[in-house]
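Each chain, letter by letter, is given below.
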Amino acid sequence: MARAEALGDHQPPLYERDLCLGLEQQAALLRERRFDELDLTNLIEEIEAMARKHKKAVKSNLVVLLAHLLKDQLQPEQRSSGWRGSIVERRRRLRYDFEESPSLRLHAAEVFARAYADAREQASAETALPLRAFPKSSPSTLEQALDPKFLSDSRKDGA
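Below is a summary of the structure that appears in this document. Small disclaimer: the values here were computed from a predicted structure and weren't measured.

**A word on the packing of helix 4 (residues 40–74) against helix 6 (residues 103–127)**
Here's step 1: Close contact between helix 4 and helix 6 brings their axes to 6 Å; oriented N to C, the two are set at 45°. On the basis of the axis angle, helix 4 is oblique to helix 6. As for the relative orientation of helix 4 and helix 6, their crossing is right-handed in sense.
Here's step 2: Residue composition of the contact of helix 4 with helix 6, grouped by class: 14 nonpolar, 5 polar and 7 charged.

Pasting the structure below:
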């Protein structure tokens with residue numbers, strides 16, 4: 001109580017004290033059409049941040065997928081269920097993202113080359129193979145990388 005008095009009852013906005021609760025409050029105000037009470041500046045920033053977060057997740061999943069595809073191709077003797085599981089999981093995550101937000105597929109196409117460059121570095125670090133061992137440009141297209149049948153022939157032998 002003394003702290004509130006010392007501050008003159010001035011508290012930071014709810015979104016600064018509890019982001020989730022602040023967003024829920026803004027959603028309630030929108031539902032109730034109490035537009036004049038909205039914190040538009042921060043609401044806009046949060047909506048933009050959400051879009052960036054979705055795009056970042058797509059790129060991150062694409063990097064992991066491409067890195068594991070590279071490792072699978074360049075080190076067939078080292079294939080593991082972990083790599084295969086990761087490939088399946090990342091494809092599934094991307095498929096779900098694209099179903100929910102089809103524009104994210106366009107984003108994936110836009111960042112594909114950069115995601116491959118990052119995946120190449122990741123695969124090199126994880127395999128201890130020199131970066132030059134990995135093709136400079138992706139040996140697969142985005143559609144191939146997302147295709148559950150891509151590379152399936154190499155796995156039918158139980159490897």
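**Notes on the environment of L66**
Here's step 1: Tracing the chain through its elements places L66 in helix 4.
Here's step 2: C-alpha of L66 to C-alpha of S140: the two residues are 74 residues apart in sequence and 8.9 Å apart in space.
Here's step 3: What L66 contacts, discounting residues up to four positions off in sequence, is F112, A115, Y116, A119, S140 and A145.

**Considerations on the environment of R90**
Here's step 1: Tracing the backbone shows R90 in helix 5 (residues 81–100).
Here's step 2: The class for R90 is buried, based on a relative accessible area of 17%.
Here's step 3: In this structure the C-alpha to C-alpha distance between R90 and S60, which are 30 residues apart in sequence, comes to 9.3 Å.
Here's step 4: With residues up to four places along the chain from it excluded, the contact list for R90 reads N61, V64 and L65.

**Examining helix 5**
For an α-helix the count is 3.6 residues per turn, leaving residues at separations of three or four pointing the same way.
Here's step 1: Taking 1.5 Å of rise per residue, 20 residues should cover 28 Å, and helix 5 covers 28 Å from first to last C-alpha, within 8% of that figure.
Here's step 2: Of all the residues in helix 5, the buried ones are W83, S86, I87, R90, R91, L94 and F98. Burial along helix 5 is one-sided: seen end-on, the buried residues are contained in an arc of 130°. Seen from the open side of helix 5, the exposed residues pointing more than 90 degrees away from its buried face are S81, E99 and E100.

**Section: helix 3 (residues 19–31)**
Here's step 1: Taking 1.5 Å of rise per residue, the 13 residues of helix 3 would be expected to cover 18 Å, and the 18 Å separating its terminal C-alpha atoms lies within 8% of that figure.
Here's step 2: Within the span of helix 3, buried status applies to G22, Q26 and L29. One face of helix 3 carries all of its buried residues, which in axial projection span an arc of 60°. Exposed and oriented more than 90 degrees from the buried face of helix 3 are C20 and R31.
Here's step 3: Against the buried residues of helix 3 lie helix 2 (14–17) and helix 4.

About the criteria used
- Residues numbered from 1 in each chain as written.
- Predicted model: local features only at pLDDT ≥ 70, side-chain atom pairs only at ≥ 80, totals over all residues.
- Heavy atoms only, no water.
- Axes fitted to C-alpha atoms, helices over the stretch in contact; angles between N-to-C directions.
- Helix = DSSP H or I, 4+ residues; strand = E, 2+ residues; numbered from the N terminus.
- Parallel < 35°, antiparallel > 145°, perpendicular 65-115°, else oblique.
- Left-handed = near helix turned anticlockwise from the far one by under 90°.
- Nonpolar A, V, L, I, M, F, W, Y, C, P; charged D, E, K, R; others polar.
- Contact = heavy atoms within 4.5 Å.
- Buried < 20%, exposed > 50% of the residue type's maximum accessible area, 1.4 Å probe, protein only.
- Expected span 1.5 Å × (residues − 1).
- Arc of directions from axis to C-beta.

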